[in-house]
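Structure assessment
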Amino acid sequence: MVNPLRKLLFRGSSRENGQRPTKLEKGEVLLRAEGIVKEFPGVWTHLILDHVTFDVRAGEIHALLGENGAGKTVMANILSGFYMPSSGQIHVRGRQVSINSPKDALRLGIGMAHQETTLVRPLTVAENIALGISEFDLSYPLSKVERRVRELSQRYGLEVDPRARVEDLSAGEQQRVEILKTLYYEPYVLILDEPTSVLAPQEAEQLFSILRSMAADGRGIVYITHKLEEVMELSDRVSVLRLGKLVATKQTSQTTKEELVRMMIGDVAITPTKRGRAKKGEVALELRDLHVLGAEGSPAVDGVSIQVRGGEILGIAGVAGNGQRELVEAITGMRGVEAGRILIFGEDMTGRSPRAFADQGVSHIPEERRRIGTAEGMSLAENLMMRDYRLPPFSKRGVLDRSLISQHAQRMVSEFGIMAPDLWDTEARILSGGNIQRLILARELWREPRLIIAAHPTYGLDLKAVQHTHELFSRLRGKGSAILLVSEDLEEIFAMSDRIAVMFRGKIVDVKGARETNPDEIGLMMAGSQI
Amino acid sequence: MSERLWSTLRSVAPPVVAIAVGLFVGALLMLSFGFDPVRGYVALFRGSYGSPEAWMESLAFSTPLMVTAITFAVGMSAGLFNICAEGHMYMGAAGAIAVGGMVSLPPGLHLVAATAAAMLVGGLWALPAALLKMWRGVHEVVSTIMFNWIAFWFVLYLIRFHITDPGRAERATPAMITARYPVLGGSLTGVIFVVIAFCVAIYFLLWHTGLGYELRLAGDNPDAARYAGVSFRRVILLTFLIGGLAAGLAGGSQILGRPPSWTVYATLGNLLNLGFQGIGVALIGRNHPIGAIFAAVFFGGLAHGGRFMEYEVGVSAEMVGAINGIIVIALALPEILRIVKRVRAVKE
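As the structure is a computational prediction, the values presented were derived from the model and not from experiment. Position numbers for residues start from 1 in each chain and track the written sequence from start to end. Chain letters start at A and ligand numbers start at 1, both assigned in the order the entries are written. The predicted nature of this model means local features are confined to residues of pLDDT at least 70 and side-chain atom pairs, given and counted, to a pLDDT of 80 or more, with totals for whole chains, interfaces and linings taken over all residues.

Overview of the domain arrangement of chain A
Residue and element names in this part refer to chain A. Per the annotation, domain bounds derive from an automatic or database assignment of domains. Each domain of chain A was delimited in the assignment, giving domain 1 (4-19 + 26-265), domain 2 (271-361 + 449-531) and domain 3 (371-448). Inter-centroid distance (C-alpha atoms) of domain 2 to domain 3 is 26 Å. Taken together, the contact pairs eleven residues of domain 2 with nine residues of domain 3. Segments assigned H or I by DSSP are reported as helices when at least four residues long, segments assigned E as strands when at least two residues long, and all are numbered from the N terminus. The leading source of residues in the side of domain 2 that touches domain 3 is helix H15 (residues 463-478), at four residues. Side-chain classes follow a simple rule in which Ala, Val, Leu, Ile, Met, Phe, Trp, Tyr, Cys and Pro form the nonpolar group, Asp, Glu, Lys and Arg form the charged group, and the remainder, Gly included, forms the polar group. Split into classes, the residues belonging to the side of domain 2 that touches domain 3 amount to six nonpolar, three polar and two charged. C-beta atoms are placed from the backbone for every residue, and two residues are taken to be in contact when these atoms lie within 7 Å.

Spelled out as structure tokens, the structure:
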């Protein structure tokens, strides 16, 4: 008997198990993206992807390399149907297609495993996979899914028990489930977005061998990363993106880490800043053998010891993901410390709260501006008050002085050039990225703090705003503030810093005087080369 | 100033539209049951706002809703889904009876003491749920639902065995004359002024003090609040405490300020659901303490006028419940549409 409901739910695809009949020829171009442009009008003024052309062939692992914000993830999201390109063409196995949804992409044989897993934690592995099956209905036997999961696990050595609950699995196993979820549809092309960011080294090794066996099976793998070692170890070809543009596509065997770093960070023009030699002040920040754990419990900051003095800018250079974020969070009280000590103006601040750090005179310009730097549902004036709302003269015995706050906010708006329709009535949500950053700079810097921790302070700003920020930092330095500047932009690091520390895999590789080094040397250290 | 006016209008528009939708769908419902919706609504609104007497009754109905709405609204401002008002209200009523009905105090002082007792008992009842959330991370929806039931049976037990009216076993001891708010007319008493003053005080706390700022910041973006150095435990405690005081006052208002019974029956019939109705009132009032006052007047009017609709046109008073429900759904619709739109916008 045919169950009418089942029939209804089964419409469309006849690939109940997603088996693809054709065998893939090695070297065949599976997926080709031509002249892809993506813009986010109103959010960013520049193009996020600027005429990028990119292809994946059967049997290869193609790495997509670039710094944060280079456009890697946006590219992947376009190929897998999460975003629509503003213009450009996509060809799958020689046929032009338009991909309107992740479902379309899967139907065309393109699957993506996301950076953060999208699994339902209390369900089992098989149940999670069944969730994504469009043909799934109440009569679809889970045992069938389980059987196929076992089959796929065996074929690629992806060991996962289909009956295990996701919440009981390690990060590496969850990653494997995420890949299995995609493999279930037998994609020609598998896209992985920074899959090792949550994995332990051995787990990463296992993943690499799985990916190699999938490539050997004739699939094309797109591997997104900003880690050079992974590119060198794993990939057959590598494409480098910088600021939305494709710099080059190379055979991995014909390039070197050093060349890749140069392509990632671009030509660095050193503009020697004319500035007075600021009088070195007392030690503002001192870290003694600091150890901090990352999100998944793996060590992110691994024994860092540095000092920053008043009147000095210490630049922290490094490819993203080498512990800079965790370092910044630890020295502003936002993240717990595993071992080591944080001294601020001689006072031991290890394990203290964000408020204690603020009271000690630490300003924090956070990397995630909208997520932690602003309350988007509140007004401009209220956002400017985040540090000062409990301090006189804005607050008297707990009661806020609205007119004084208005005056102050008005001053900040004109001094820092924040473009906002009003002070009290419009939600900060509608402010552009640049104006959000000006708001944060105004809030964190107007009191001329003694110690400034700035993470990517000019990222995404236009040229004028960048200049303004740099002038501001120089002026504060001249007045004796100590500044720790974390940036991926080497030009900024060289233009602003007195000394440059390079961070690699949670450690400080070396600290150099800005005048005694050059971008090439720093670039090599960023790539992890020992000198 | 005109910008201010516009933004106020913008925030008032959704509930007004939702109310219109609710009334419209209610009319369709009446039609489908063979009643004349025009006559129904005329009876409803004449009954609720048609005369000074009608206004007094409607306001009497709305008084407890203003403060149970505050409980939910303050919770939402802080990002907590606090649905504890029902239980706090029962406890507050018990507190009001304990002091207002069983202790003799001089006039004036007695009223103040009984009101304070209602609020304090309500506030204390908030502590277990608050502490569970602060120390063990127990979600407030789960804990408050359980505490609501505990309060229900506990107060029922008190009425049966400890605060029973010696003359009439089916109810608790009524508030003494010295602990009753002066009657303004009909069922309306002076307690409404206390309730409105409380709403205004909460408005001031939320929008003009550092504590209120912390609370709203934590509600808008917990990560930013942490960054700004806000203590979550303090925010949770404060939110629950205000919620408890507010709902306690709601319970007290039904004992010390609601003729003719001035007490609670052993079924809790005259208190039942006032706390949960506060959630709808808060939503219509856009989770704003002043908005809650106006929304409560509307809901109170519906509750009172519904009886006239049944009496004069034959539409059962439960229709009011249906209209209330449709209004809340209509109010939620724009948010749902916004989410759909956002998903589409991201794709393009």
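Concerning helix H2 (residues 37-49) of chain B
Residue and element names in this part refer to chain B. Counted at 1.5 Å a residue, the expected span for H2 with its 13 residues is 18 Å, and the 18 Å between its end C-alpha atoms agrees. When we look at burial in H2, the residues that qualify are Pro37, Gly40, Ala43, Leu44, Gly47 and Ser48. End-on view of H2: buried residues confined to an arc of 130°, all on one side of the axis. Multiply 1.5 Å by the residue count of a helix minus one, and that product is the helix's expected span. For the exposure call, what matters is how many other C-beta atoms sit within 10 Å of a residue's own: 20 or more marks it buried, 12 or fewer exposed, and in between partly exposed, using C-beta atoms placed from the backbone. Directions pointing from the helix axis toward each C-beta atom define the arc.

Brief notes about the environment of A:Val92
All names here are of chain A. Here Val92 shows up in strand S4 (residues 87-92). With 36 residues separating them in the primary sequence, Val92 and Val56 have C-alpha atoms 9.8 Å apart. Discounting chain neighbours no more than four positions away, the residues touching Val92 are Leu31, Val97, Leu108 and Gly109.

Here's the deal with the sheet that holds strand S13 (residues 313-317) of chain A
Picture the strands of a sheet paired through backbone hydrogen bonds; they go either parallel or antiparallel. Residues and elements named next belong to chain A. The pairing criterion for strands is at least two bridges between them, as found by DSSP. Spatial strand order, S16-S19-S20-S13-S21-S22: six strands in an open sheet with mixed pairing. This sheet does not close on itself; its edge strands, each paired only once, are strand S16 (362-365) and strand S22 (507-513). Mean inter-strand twist for the sheet, computed between neighbouring axes without regard to direction, equals 15°. As paired elements, strand S19 (residues 451-455) and strand S20 (residues 482-486) share five bridges and run parallel to each other. Bridged to Ile453 within S20 is Leu484. Here helix H17 (residues 519-526) sits on the sheet in contact with S13, strand S21 (499-504) and S22, set at roughly 25° to S21. Think of each axis as a best-fit line through the C-alpha atoms, taken over the contacting stretch in the case of a helix, with angles from 0 to 180 degrees between the N-to-C directions.

Brief notes about unusual backbone geometry
Cis geometry is adopted by the peptide bond preceding A:Pro393, which originates at A:Pro392 and carries an omega value of 5°. Relative to the helices and strands, A:Pro393 is located in the loop between helix H12 (380-384) and strand S17 (395-396). Following B:Pro259, the chain continues to B:Pro260 via a peptide bond in cis, the omega torsion being 5°. For B:Pro260, the position within the fold is in the loop between helix H10 (232-256) and helix H11 (274-284). The backbone phi angle of A:Glu186 is positive, close to 50°, even though this residue is not glycine. With respect to the secondary-structure elements, A:Glu186 resides in the loop between helix H6 (171-183) and strand S7 (189-193). Backbone geometry at B:Leu268 places phi at a positive 60°, although glycine is not the residue there.

Structural notes on the packing of helix H9 (residues 257-265) of chain A against H17(A)
Residues and elements named next belong to chain A. Between H9 and H17, whose axes approach to 9 Å, the crossing angle comes to 110°. For the element pair H9 / H17, the angle class is roughly perpendicular. In this structure, the crossing between H9 and H17 has a hand that is right-handed. Between H9 and H17, the residues in contact are Glu258, Val261, Arg262 and Ile265 and Gly523, Leu524 and Met526, respectively. An angle below 35 degrees is treated as roughly parallel, one above 145 as roughly antiparallel, one from 65 to 115 as roughly perpendicular, and anything else as oblique. In this scheme the crossing of two helices becomes right-handed for a clockwise turn of the near helix relative to the far one and left-handed for an anticlockwise turn of less than a right angle.

Focus: the sheet that holds strand S6 (residues 110-113) of chain A
Residues and elements named next belong to chain A. Here six strands make up an open sheet; going across it, the order is S6-S7-S8-S3-S9-S10 and the pairing mixed. Either end of the sheet is taken by a strand with one partner, and the two such strands are S6 and strand S10 (245-251). Mean inter-strand twist for the sheet, computed between neighbouring axes without regard to direction, equals 20°. Pairing geometry for S7 and strand S8 (residues 220-225), over five bridges, is parallel. The residue bridging Leu190 from the neighbouring strand is Ile221, located in S8. In the packing of H6 onto the sheet, the strands contacted are S6 and S7, and the crossing angle to S6 comes to about 165°.

Section: the interface of chain A and chain B
Taken residue by residue, the interface counts 28 residues in chain A and 20 residues in chain B. The set of elements that each furnish at least two residues to the side of chain A that touches chain B consists of helix H11 (354-359) and strand S18 (399-400) of chain A. The leading source of residues in the side of chain A that touches chain B is H11(A), at three residues. Residues that form the side of chain A that touches chain B fall into these classes: 14 nonpolar, six polar and eight charged.

Focus on the nonpolar core
The term nonpolar core means buried Ala, Val, Leu, Ile, Met, Phe, Trp, Tyr and Cys residues held together as one set by C-beta atoms within 7 Å. Grouped together as the largest cluster of nonpolar side chains are 258 residues, with contacts concentrated most on B:Ala69, B:Ala93 and B:Ala292. In this structure, B:Ala292 is in contact with B:Met66, B:Ala69, B:Ile70, B:Ala73, B:Cys199, B:Val281, B:Ala282 and B:Gly285, ignoring residues within four places of it in sequence.

Quick look at the pairing of S16(A)
Residue and element names in this part refer to chain A. The two faces of S16 match: Val362 and His364 on one face and Ser363 and Ile365 on the other face are all buried. As judged from the four bridges shared by S16 and S19, these two strands associate in the parallel manner. The partner of Val362 across the bridge, within S19, is Leu451.

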